Amino acid sequence: MYRFDPNLARAHTLPARWYLDADLLALERRRIFGRTWQLAGRADQVERPGDFLTTTLGHEPLVIARGSDSTLRAFSNVCRHRAGPVALGCGNRKSLQCAYHGWTYGLDGSLLTTPEFDQVENFDRRAHPLPPGQAGTLGPLLFACPDATAPTLAEWLGDIPKETEPLGFERMRWVKRVEYQIECNWKVYVDNYLEGYHIPIVHPGLYKQIDYARYSVDTFRYYSRQDSPIRVTDTPYRRNLGEGENPQALYYWIFPNLMFNLYPDNLQTNLIVPIGPEKTLTIFDWFFLDADRPSIDRDFAQSFAFSDPIQSEDIAICEAVQRGLRSSRYEAGRYSQKRENGVHHFHGLVAEFLGEVAS
Ligand code: FES
Ligand SMILES: [Fe+2]
């Protein structure tokens with residue numbers, strides 16, 4: 001039985017089996033992805049009353065909708081009749097109609113009509129609303145949580161809204177999406193993101209651009225932040241910086257599966273979606289300040305030319321690590337006290353949310 005040790009100097013990393021096992025992933029889908037705040041889309045997709053979109057977090061299909069009262073809500077996208085989908089894709093509607101037998105629901109989740117159901121005994125429509133989740137926004141990002149009893153988004157994000165506001169976060173607009181499929185467990189990719197320890201070896205190009213000695217990771221209740229002072233002056237980051245201002249990249253990771261990389265004029269989100277125990281989809285979205293500027297294609301290309309080789313280097317090492325985890329000779333490792341506190345913090349949250357795991 002694995003026991004997480006909160007003492008970094010004494011702790012061992014998660015067992016290798018947790019990166020390989022299909023049953024463990026099913027448990028993570030229920031206990032982690034079914035109970036936490038995750039990126040569900042963009043705030044502009046649910047701006048107007050009647051706007052809705054659908055997504056699935058863990059095993060939970062969800063609808064996120066803005067009601068005619070302008071309130072943003074999330075609820076289960078599973079019909080109370082025989083589990084059909086109440087909404088498909090995204091759009092704008094006054095009510096939602098199940099794609100199976102046509103029951104209709106209000107944008108607040110209430111059950112409105114149930115055709116040919118008059119003779120059914122002991123059935124009160126008012127007692128059959130769609131179970132609620134939670135929804136909220138941060139700048140251009142739309143978040144949802146399938147669990148109505150989980151902490152609020154404000155509690156989850158802590159000081160992030162305060163820290164991102166001065167960077168123009170609220171005014172950034174979506175420009176581009178790029179996806180990468182990786183042959184590794186989702187936690188291998190997250191572990192790798194959460195430390196700068198590998199930068200000198202895996203990313204020699206990046207290493208020259210940052211001040212590695214001053215690279216730091218701070219951990220908070222449900223997120224961590226990496227601060228990386230940028231050394232060179234001719235990077236894409238200089239745009240929108242005043243003379244004498246020091247470029248700074250802020251890397252946030254929000255448990256369980258969202259990173260966002262914030263530069264002086266753009267934001268890149270990385271959403272890490274498990275597809276199988278050893279297969280992961282990473283979805284990168286770029287948001288820019290002044291996204292309608294004439295040079296936006298060139299500026300995106302410049303930002304992508306910087307990040308894509310780094311992503312290739314990370315993919316190669318993550319896939320090699322996944323092969324290593326399959327070896328019968330490896331069970332678990334240790335953490336660098338100086339450089340891997342962020343990984344240790346993530347493992348603590350994984351262990352906390354999974355609770356008891358049968359070995
Ligand atoms: S499953 Fe929704 S109406 Fe039958
Ligand atoms: Fe990396």
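For clarity, every value in this text was computed on a predicted model and none was experimentally measured.

Parameters and conventions
- Counting restarts for each chain: residues are numbered from 1 in the order of the written sequence.
- Each chain gets a letter, beginning with A, and each ligand a number, beginning with 1, in the order they are written.
- Local features in this predicted model are restricted to residues whose pLDDT is 70 or higher, and side-chain atom pairs enter the listing and the counts only when it is 80 or higher, whereas totals over whole chains, interfaces and linings include all residues.
- Side-chain numbers here rest on the full set of heavy atoms in the structure, without hydrogens or water.
- Any carboxyl oxygen of Asp or Glu within 4 Å of a side-chain nitrogen of Lys or Arg constitutes a salt bridge here.
- Only DSSP runs of H or I reaching four residues or more are called helices, and only runs of E reaching two or more are called strands; each is numbered from the N terminus.
- We call a residue buried when its accessible area falls under 20% of the maximum for its residue type, exposed when it is over 50%, and partly exposed in between, using a 1.4 Å probe and counting protein chains only.
- Multiplying 1.5 Å by the helix residue count minus one yields the expected span of that helix.
- Note that the bend at a residue is defined as the angle between axes fitted to the seven residues ending at it and the seven residues starting at it.
- Sites may look incomplete, because water is not among the atoms used; the donor set itself consists of N, O and S atoms within 2.8 Å of the metal (3.2 Å for Na, K and Ca).
- Any site counts as irregular unless it has four donors with all angles between 85 and 135 degrees, making it tetrahedral, or four or six donors with opposite ones more than 155 degrees apart and the rest between 65 and 115, making it square planar or octahedral.
- Contact criterion: two residues are considered in contact whenever any of their non-hydrogen atoms come within 4.5 Å of each other.
- Polar contact is the term for a pair of N or O atoms within 3.5 Å; when the atoms are in protein, one must be able to donate a hydrogen and the other to accept it, and sequence-neighboring residues count only if both atoms are side-chain atoms.
- Pairing of aromatic rings covers Phe, Tyr and Trp, the last counted by its six-membered ring, and requires centre-to-centre distances within 6.5 Å; plane angles under 30 degrees mean stacked, over 60 mean edge-to-face, and any other angle means tilted.
- By definition, being over a ring means that NZ of Lys or CZ of Arg is both within 6 Å of the ring centre and within 35 degrees of the ring normal.
- Boundaries of every domain are those given by an automatic assignment or by a domain database.
- Summed over both partners, the accessible surface that disappears when two parts come together, traced with a 1.4 Å probe, is what is meant by buried area.
- Residue type decides the class: Asp, Glu, Lys and Arg count as charged, Ala, Val, Leu, Ile, Met, Phe, Trp, Tyr, Cys and Pro as nonpolar, and the leftover types, Gly among them, as polar.
- Any residue with an atom within 4 Å of a point lines the site, the site being either a cavity, points on a 1 Å grid over the protein atoms alone where a 1.4 Å probe fits but cannot get out, or a pocket, an open set with protein on both sides within 12 Å along at least 5 of 7 lines.
- Grid points are joined across faces, edges and corners, and a volume is the space filled by probe spheres set on the points.

Engineer: Would you mind showing me how to read the pattern of salt bridges here?
Structural biologist: Oppositely charged side chains can pair when the atoms bearing their charge come close. Considering all chains together, one arrives at 18 salt bridges under this definition. Lys 279 is paired through a salt bridge with Glu 183; the nearest N and O atoms lie 3.0 Å apart. Placement of the pair is Lys 279 in strand β17 (residues 279–288) and Glu 183 in the loop between β11 (173–182) and α4 (186–193), with a sequence separation of 96 residues. Its relative accessible area of 29% is what places Lys 279 among the partly exposed residues. Where salt bridges share partners, they join Glu 163, Asp 218, Arg 225 and Asp 227 into one cluster.

Engineer: Would you explain helix α7 (residues 296–325) in this entry?
Structural biologist: Counting along an α-helix, one turn takes 3.6 residues, and residues three or four places apart therefore face a common direction. The end-to-end C-alpha distance of α7 is 42 Å, a good match for the 44 Å that 30 residues give at a rise of 1.5 Å each. For α7, the principal kink sits at Ala 305 and spans about 25 degrees; a proline, Pro 309, occurs within the next four residues.

Engineer: Sorry, what's going on with the coordination of the iron ion (ligand 2) here?
Structural biologist: Six octahedral donors at a metal ideally form angles of 90 or 180 degrees, and four tetrahedral donors ideally form angles of 109.5 degrees. Surrounding the iron ion (ligand 2) are the protein donor atoms His 198 (NE2), His 203 (NE2), Asp 314 (OD) and Asp 314 (OD), which sit 2.0 to 2.6 Å from the metal. For the iron ion (ligand 2), the four donor atoms in the first shell make angles of 55 to 153 degrees at the metal, a pattern classed as irregular. Along the chain, the residues donating to the iron ion (ligand 2) are arranged with the sequence spacing H-x4-H-x110-D. Placement of the pair is His 203 in the loop between α5 (199–202) and α6 (204–209) and Asp 314 in helix α7, with a sequence separation of 111 residues. In terms of burial, His 203 and Asp 314 fall into one category: buried.

Engineer: What exactly am I supposed to notice about the environment of Gln 268 here?
Structural biologist: Counting through the fold element by element, Gln 268 comes out in strand β16 (residues 266–276). The class of Gln 268 is buried, set by a relative accessible area of 5%. Spatially, the C-alpha atom of Gln 268 lies 4.5 Å from that of Trp 286, the residues being 18 residues apart in sequence. Setting aside anything within four residues of it in sequence, one finds Gln 268 in contact with Met 259, Phe 260, Asn 261, Phe 284, Asp 285, Trp 286 and Ser 307. Of the polar contacts made by the side chain of Gln 268, one reaches the side chain of Asn 261; its length is 2.5 Å.

Engineer: Quick question: what am I supposed to make of the packing of aromatic side chains here?
Structural biologist: The relation between two aromatic rings is expressed through the spacing of the ring centres and the mutual angle of the planes. Evaluation of the coordinates by the stated rule reveals 22 aromatic pairs. Between Phe 284 and Trp 286 the ring centres are 6.2 Å apart and the planes differ by 50 degrees, which places this aromatic pair in the tilted class. Given a relative accessible area of 3%, Phe 284 falls into the buried group. Using a relative accessible area of 0% as the deciding quantity, one classes Trp 286 as buried. The rings of Phe 33, Trp 156, Trp 186, Tyr 222, Trp 253, Phe 255, Phe 346 and Phe 353 are connected pair by pair, giving a single aromatic cluster. Over the aromatic face of Tyr 19 sits the side chain of Lys 187, whose NZ or CZ is 5.0 Å from the ring centroid. The ring of Tyr 212 carries Arg 339 above its face, with NZ or CZ at 3.7 Å from the centroid.

Engineer: Help me understand the domain arrangement of the protein chain, please; the structure alone is not making it clear to me.
Structural biologist: Interfaces are often sized by the amount of accessible area the parts lose when they come together. With domains assigned, the protein chain is organised as domain 1 (38–154) and domain 2 (168–354). The centre of domain 1, based on its C-alpha atoms, is set 32 Å off from the matching centre of domain 2. The contact between domain 1 and domain 2 buries some 990 Å² in all, and 79% of this surface belongs to carbon and sulfur atoms. When the buried area of domain 1 at its contact with domain 2 is split by residue, Leu 39, Pro 140 and Leu 141 rank highest and sum to 45% of it. Here domain 1 and domain 2 share zero salt bridges between them. At the boundary of domain 1 and domain 2, one finds zero residue pairs in polar contact (both at pLDDT 80 or more). Listing elements by their share of the side of domain 1 that touches domain 2, those giving two or more residues are β1 (38–42) and β10 (141–145). Considering every element that reaches the side of domain 1 that touches domain 2, the biggest residue donor is β1, with three residues. Taken together, the residues that form the side of domain 1 that touches domain 2 break down as six nonpolar, two polar and one charged.

Engineer: Just checking my understanding: could you explain helix α1 (residues 22–31) for this structure?
Structural biologist: Every buried residue belonging to α1 is among Leu 24, Leu 25, Leu 27, Glu 28 and Arg 29, and all of these are buried. Close packing links the buried residues of α1 with α4, β16 and α8 (341–354). The residue sitting at the N-terminus of α1 and contributing the capping side-chain oxygen is Asp 21; that oxygen lies 3.3 Å from the backbone nitrogen of Asp 23.

Engineer: Help me understand empty space enclosed by the protein, please; the structure alone is not making it clear to me.
Structural biologist: Across all of its chains, the model carries two cavities of 30 Å³ or more by this definition. As a volume, the largest cavity reaches approximately 360 Å³. Tyr 193, Tyr 251, Asn 261, Ile 310 and Asp 314 are, among the 24 residues lining the largest cavity, the residues nearest its centre. Sorting the residues of the lining of the largest cavity by element identifies α4, β13 (223–229), β16 and α7 as the ones contributing at least two each. Split by residue class, the lining of the largest cavity holds 11 nonpolar, 11 polar and two charged.

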